[in-house]
Amino acid sequence: MSALEAPPRVLTVAGSDSGGGAGVQADLKTMLALGVHGMSVITAVTAQNSLGVQGAWELPVEAVRAQYRSVVDDIGVQAVKTGMLSSAELVEAVAELISGTDAPAVVDPVGVSKHGDPLLAASALDSVRTKLLPVATVATPNLDEVAQLTGVRVRSADDLRRAAAAVLAFGPRWVLIKGGHLAGDAVDLLTDGAEELVLRAPRHDNRHTHGTGCTLASAIACGLARGRSVPEAVTAAKEYVTGAIAAGFALGAGIGPVDHGWALRRDTP
Ligand SMILES: Nc1ncnc2c1ncn2[C@@H]1O[C@H](COP(=O)(O)OP(=O)(O)OP(=O)(O)O)[C@@H](O)[C@H]1O
Ligand SMILES: Cc1ncc(COP(=O)(O)O)c(N)n1
């Protein structure tokens, strides 16, 4: 890239995590580490730290729409990533904005935080199923989100295919079922119903995993913005998040963040 050439642009539509480990903060750090220009539409502000979510405040839908239009109409995007959307009204507004944007969308259907604090109203689940998933290029639910959205409970890696089929029925082009909450290797399944890719990484015995899901989805969006195929982007993103988990560090008294900067330091003695 020459000095005058702009990097690919990626937009996150997500909530703010004051502790800097998940949400918009994780997304922008991932984008910096992966060499794209990161931009944000903030949907909600959370008071959050290593112990949990102490408060959450949603933004008005017109503030979300205005941020999105400001970015897309002037700067333009090569990929969009969504995270915490909080309410049915915001889910539906964001789905409509994405459907009018000519760029791939990675949808992380964030339901609850690692500590079990709700980040999406129960009344918004149906809008996620019927409005948001159909506009996703890739949806990246974890096992709790799969259960909430489809009723399918994954107990072992053998159940991942059934979970993927249930999510694909809502209309995303691809689904990545994240098996990070299972025991043993960290196994995820990517499929579009025809092609299938199993992504396996050794489980790192590290409790500092705050923000894994946000980081993975953002890294996928970075790959798509560079013009990579979905399997290529997901493979590279899995490698990035695995390294970030291996380097996760303690902060505060609870669960610390993954290290978004690990790949930048990889070649530094
Ligand atoms: N201990 C671990 N070691 C290696 N990889 C892991 C570990 N925990 C999770 N992963 C991987 O991290 C990625 C994110 O998966 P996870 O299931 O944690 O998502 P998530 O629950 O949405 O994340 P979060 O809890 O941050 O919202 C997946 O690729 C998963 O396999
Ligand atoms: C604003 C925001 N968005 C997403 C998450 C999910 O991340 P995690 O499950 O690691 O807490 C979060 N905690 N906060």
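See the structure printed just above.
Per-chain numbering applies: the sequence of each chain, read as written, is numbered from 1 onward. Lettering of chains starts at A and numbering of ligands starts at 1, both following the order in which they are written. Thresholds applied to this predicted model are a pLDDT of at least 70 for local features of residues and 80 or more for the giving and counting of side-chain atom pairs; totals over whole chains, interfaces and linings are not thresholded and use all residues. With hydrogens and water set aside, each side-chain value is computed from the structure's full complement of heavy atoms.

> Could you give me a rundown of helix α2 (residues 61-75), with the residues and numbers involved?
When the terminal C-alpha atoms of α2 are compared, their 21 Å separation across 15 residues agrees well with the 21 Å that a helix rising 1.5 Å per residue should span. For every residue, the accessible area obtained with a 1.4 Å probe (protein chains only) is divided by the maximum for its type, and the residue is called buried under 20%, exposed over 50%, and partly exposed between those limits. Runs of E in the DSSP output that reach at least two residues are strands. Runs of H or I that reach at least four are helices, and both are numbered from the N terminus. Of the positions making up α2, those classed as buried are Val61, Val64, Tyr68, Val71 and Val72. Looking straight down α2, one finds its buried side chains confined to an arc of 110 degrees; they lie on one side. Of the exposed residues in α2, the ones pointing more than 90 degrees away from its buried face are Glu62, Ser70, Asp73 and Asp74. Contacts are assigned to residue pairs with any non-hydrogen atoms lying within 4.5 Å of each other. Packing partners of the buried residues in α2 comprise β1 (9-17), β2 (37-49), β4 (79-82) and α3 (88-99). Note on α2: the residue one or two positions beyond its end, Gly76, has a positive phi of about 85 degrees. Expected helix span is taken as 1.5 Å per residue step, with the number of steps being one fewer than the number of residues. Note that the arc is computed from the directions linking the helix axis to the C-beta atoms.

> If you had to explain the site of ligand 1 to someone new, which residues and values would you point to?
Nearness of a residue to a molecule or strand requires only that one of the residue's heavy atoms be within 4 Å of it. Around ligand 1, the structure places 16 residues, and the nearest of them are Lys114, Lys178, His181, Asp188 and Thr212. Polar contact criterion, stated in full: a pair of N or O atoms within 3.5 Å, where within protein one must be able to donate a hydrogen and the other to accept it, and residues adjacent in sequence count only if both atoms are side-chain atoms. Within the contact set of ligand 1, an oxygen atom lies 2.7 Å away from a side-chain nitrogen or oxygen of His181. Between ligand 1 and Thr212 there is a distance of 2.8 Å, counted from an oxygen atom to a side-chain nitrogen or oxygen. In short, Shrake-Rupley with a 1.4 Å probe defines the accessible areas, and a residue's cover is counted only from the protein chains shown. Out of a free accessible area of 610 Å², ligand 1 has 93% covered by protein chains. At a threshold of 2 Å from the grid points, most atoms of ligand 1 map onto the largest pocket. Of all the secondary structure elements, the ones that give two or more residues to the shell around ligand 1 are β8 (186-191), α7 (212-225) and α8 (230-246). Take the shell around ligand 1: its biggest share by element is three residues, from α7. Space inside and on the surface of the protein is sampled on a 1 Å grid over the protein atoms alone, with a cavity defined as a set of points where a 1.4 Å probe fits but cannot get out and a pocket as an open set with protein on both sides within 12 Å along at least 5 of 7 lines; lining residues have an atom within 4 Å of a point. Throughout, a molecule is located in a cavity or pocket provided that more than half of its atoms lie within 2 Å of its grid points.

> Before we move on, can you summarise the pattern of salt bridges with the specific residues and values?
Side-chain pairing between opposite charges can occur once the charged atoms of the two side chains come close. Basic side-chain nitrogens of Lys or Arg form a salt bridge, by our definition, when they fall within 4 Å of a carboxyl oxygen of Asp or Glu. Tallied over the full model, the rule gives ten salt bridges. We note a salt bridge from Asp73 to Arg69, for which the minimum N-O separation is 2.9 Å. One end of the pair is Asp73 and the other is Arg69, both in helix α2 and four residues apart, which spans about a single turn. Residue class for Arg69 comes out partly exposed when judged on its relative accessible area of 36%.

> Could you give an account of the layout of surface pockets, with specific residues and numbers?
Grid points are joined across faces, edges and corners, and a volume is the space filled by probe spheres set on the points. The computed volume of the largest pocket comes to approximately 840 Å³. Around the largest pocket, the lining comprises 39 residues; the ones closest to its centre are Lys114, His181, Thr209, Thr212 and Gly213. Mapped by element, the contributors of at least two residues to the lining of the largest pocket are β1, β2, α5 (143-150), β8, α7 and α8. Residue classes in the lining of the largest pocket are distributed as 13 nonpolar, 17 polar and nine charged. For the second largest pocket, the calculated volume is near 240 Å³. Of all the elements in the fold, those that place two or more residues in the lining of the second largest pocket are α7, α8 and α9 (262-265). If you tally residues by element for the lining of the second largest pocket, the top one is α8, at five residues. Each residue is assigned to one class: nonpolar for Ala, Val, Leu, Ile, Met, Phe, Trp, Tyr, Cys and Pro, charged for Asp, Glu, Lys and Arg, and polar for all the others, Gly among them. Its residues assigned to classes, the lining of the second largest pocket shows nine nonpolar, one polar and four charged.

> Could you give an account of the side chain of His208, with specific residues and numbers?
The topology assignment puts His208 in the loop between β9 (196-201) and α7. Accessibility expressed as a relative area gives 12% for His208, which makes it buried. Within the structure, the side chain of His208 is placed 2.8 Å from the backbone nitrogen of Gly256, a separation counted as a polar contact. Filtering out sequence-adjacent residues up to four positions away, His208 remains in contact with Gly248, Phe249, Ala250, Gly254, Ile255, Gly256, Pro257 and Val258.

> Describe the packing of α3 against helix α4 (residues 125-132), naming the residues involved and giving the relevant values.
Geometry is summarised by axes, namely lines fitted to C-alpha atoms with helices restricted to the contacting stretch, and by angles between N-to-C directions that run from 0 to 180 degrees. Two elements in contact, α3 and α4, have axes whose closest approach is 9 Å; the angle formed by their N-to-C orientations is 10 degrees. In terms of orientation, α3 lies roughly parallel with respect to α4. Each of Ala88, Val91, Glu92, Ala95 and Ile98 in α3 lies in contact with α4, whose residues at this interface are Ser127, Val128, Lys131 and Leu132. When grouped by side-chain class, the residues that make up the contact of α3 with α4 number six nonpolar, one polar and two charged. Should an angle fall under 35 degrees it is called roughly parallel, over 145 degrees roughly antiparallel, and 65 to 115 degrees roughly perpendicular, with every other angle called oblique.

> Outline the site of ligand 2, supporting the account with residue identities and numerical values.
Around ligand 2 sit Gly15, Ser16, Ala22, Gly23, Gln48, Met84, Ser113, Lys114, Leu119, His210, Gly211 and Cys214, and that is every residue in its neighbourhood. Side-chain polar atom of Gln48 to a nitrogen atom of ligand 2: 2.7 Å apart, as the coordinates give it. Across the complex, the protein chains shield 93% of the 350 Å² of accessible surface that ligand 2 would expose by itself. When each cavity is represented as a set of grid points, ligand 2 is found to reside in the largest pocket. When its residues are assigned to classes, the shell around ligand 2 shows four nonpolar, seven polar and one charged.

These values are about where atoms sit, not about what they do.
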